[in-house]
Amino acid sequence: MIAGIANRRDVLKGAAAVIGAASLMSRGAVAQTTGQTTGPTVFTGGTILTVDEDFSEAEAIAITGNTIVAVGTEADVRAAAGQGAAVVDLGGRTMLPGFCEAHTHPISGAIVDATMEYIGMARFRTTDEVLARIAERAAETPAGEWMVFRNFDPAVQEGVDELTFADFDAITTEHPIFVLNASGHLGYANRMAMNAAGIGEDAEDPEGAEYVRDADGKLTGVIKNQVAFVPVVMAYPAFSEADPIDAFIGLLDKWSEQGVTTCSDLGHGALTQSPADFQIMMAAASTGRLKSRIRAYPFYSMGAETWDAAGISMGDGNPIARIAGYKLVADGSNQGFTGLQREPYVGTDSRGLAYMDLDWLTGEVIDRASKGWHIAIHGNGDAGIDNILDAFEAARDAGIDLSDARPRIEHCSILHDDQIQRMRDLGVGASFLIGHVYYWGQFMRDEVFGEDKAQLLDRAKSAEDAGIGFTLHSDFMVTDPVPLHMIEMAVTRRLWKEPDYVLAPQERISVETAIRAMTINAAYQMNSETEVGSLEVGKLADFVILDTDPRSVDPDRIKDIRVLETWMDGQQVYSA
Ligand SMILES: [Zn+2]
């Protein structure tokens, strides 16, 4: 298995060497896309939501090059911009800061998006339909060629709970097959795929991960935790041979159409299983073709010492692409029944899986925070979040100033009142995967937690009332980064499968609060609030122009608002 990783690393190292020179040049340098020399431009004649402290509206805004130079009344802004300034009439449309997506996986996700067939819930409603599609694909694919699929979700795609060797063998034994669960934390392989990765019956479980076995101790094909299935994915040639830079640039093109101007990589290193992800990111930035900024969080699985040895530190990069924190993982996925819970899941005696135990978490928090890193820790289950809060508290007691570490809990799915209190006291922020409510809300209520505990899912309003800074995110590839849809999900909390049902109505937030969660709050969590997240003088000119003010429409129609233009770094990067 380790040999499998090593081989793939060699392949990717080749790509990294090619781009090495470019990345070294761009590292620490000013972003390439800022090279324009345009004079001042005034935007006026519409609704301009600055998302400043008071959520004030401005009559006009002026930019010069990539920077906002004036915001305020039309007369003041025109005077500040000078007589020669160009003027853009917004024609009654609405300008907002560009959307900031606090938790996505675009570097590894881009190649997955490009090389794995989507078989998720937006395409097939049942497992039978999924299996029929795999059979259809087998019939059209030469023997020996890989078939790899993504976003299978037995939680919402009705049928079996998991895919095993038996399911795959009933379709074909001639193709290596791998299916990635929508959570990104589970995978299903056939024997041919596991063999290709060198995973045999004698394989040992990596720490915090599992090759699931049956009652006789035989492998079933179900694999828990990325650490364990990465070798299978890496054995898939289309994946390991894809051009990571082109795929990444192409993906961010799509996201800019949704108004995303700053995204994030919350598992930096996941593509190459090495710090070479940083070189890929910086090389992409140096092309001047990235349409979104990106903030990256090195992933714990390759070891902090690996990142240190590569010379990668908090803040490395430039205003387009930069390292913004360190990523740890306390547990798995609730809908995958691997989130760590205080009480067993409904109808089971399982409480989930700790990916890192408390001692490990605490040691990593202290080590990273003492070296200046911001800390983001994945926590889905309430017991997983207990561990995270215990680790932060222990770090504080060991002398770490948590306000310097900007601790944030990723997904932060289940919160009890006592945990909200602790988060407030410790100064810990939350980032909610709001699609857990919209897409999985029914499953969470009926199959995972029961009605009462489901009320504790994504407690955005309680966090707001407690003064806890929070953001909304897609966790792409778990869901797609469509900010206006995520805002609608948080404002309405309706369920995809039961549109008339509102899950935990007391946790609905206002449109203004949801906009903050997708702009300035996200900028803060990504250590970029002095650059982006609001339309204020001195900040970078990242903004979107919408056809309608999200505050003025029926909340159930927010997702239907059109993004007409996206501007990033003073340049129009998308026009409808
Ligand atoms: Zn994630």
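What counts and how
- Residues numbered from 1 in each chain as written.
- Predicted model: local features only at pLDDT ≥ 70, side-chain atom pairs only at ≥ 80, totals over all residues.
- Heavy atoms only, no water.
- Domains from an automatic or database assignment.
- Contact = heavy atoms within 4.5 Å.
- Buried area = accessible area lost by both parts, 1.4 Å probe.
- Phe/Tyr/Trp six-rings, centres within 6.5 Å; stacked < 30°, edge-to-face > 60°.
- Helix = DSSP H or I, 4+ residues; strand = E, 2+ residues; numbered from the N terminus.
- Buried < 20%, exposed > 50% of the residue type's maximum accessible area, 1.4 Å probe, protein only.
- Lys NZ or Arg CZ within 6 Å of the ring centre and 35° of its normal.
- Donors = N, O, S within 2.8 Å, 3.2 Å for Na, K, Ca; no water.

Explanation requested: the domain arrangement of the protein chain in the structure shown.
Interface size is often expressed as the accessible area that is lost when the parts come together. Under the domain assignment used here, the protein chain contains domain 1 (111–240) and domain 2 (325–469). Once you take the C-alpha centre of each, domain 1 and domain 2 turn out to be 28 Å apart. In this complex, domain 1 contributes 13 residues to the contact, which on the side of domain 2 involves twelve residues. Summed over both sides, the interface of domain 1 with domain 2 buries roughly 1100 Å², with 70% coming from carbon and sulfur. On the domain 1 side of the interface with domain 2, the three residues burying the most area are Met121, Ala155 and His185, jointly 41% of the side's total.

Looking at this structure, I do not really get the packing of aromatic side chains. What am I missing?
Two descriptors summarise a pair of aromatic rings, namely the distance from one centre to the other and the angle between the planes of the rings. As enumerated under the stated definition, the model contains 17 aromatic pairs in all. Ring centres of Phe43 and Trp567 lie 5.3 Å apart, and the angle between their planes is 90°; on these two criteria the pair is classed as edge-to-face. Note that Phe43 is positioned in strand β1 (residues 41–49) and Trp567 in strand β22 (residues 563–568), a separation of 524 residues in sequence. Arranged with centres 5.6 Å apart and planes meeting at 55°, the rings of Phe432 and Phe470 form a pair that is tilted. Note that Phe432 is positioned in strand β19 (residues 429–433) and Phe470 in strand β20 (residues 470–473), a separation of 38 residues in sequence. Taken individually, Phe432 and Phe470 each receive the classification buried, so the pair is uniform in this respect. The structure contains a cluster of three or more aromatic residues connected by ring pairs, namely Phe337, Tyr345, Phe443 and Phe449. Lying over the aromatic face of Trp496, Arg125 brings its terminal NZ or CZ to 5.4 Å of the ring centre. It is Arg368 that lies over the ring of Tyr326; its NZ or CZ is 5.3 Å from the centre.

Would you explain the coordination of the zinc ion in this entry?
Coordination angles at a metal have ideal targets, namely 109.5 degrees for four tetrahedral donors and 90 or 180 degrees for six octahedral donors. In this structure, His103 (NE2), His105 (NE2) and Asp475 (OD) serve as the protein donors to the zinc ion, at separations of 2.0 to 2.1 Å. Each donor residue of the zinc ion belongs to the same chain, with the gaps between them written as H-x1-H-x369-D. With His105 in the loop between β6 (99–100) and α3 (106–115) and Asp475 in the loop between β20 and α19 (483–492), the pair connects residues that are 370 residues apart, well separated along the chain. Of the two residues, His105 and Asp475, both sit in the buried class.

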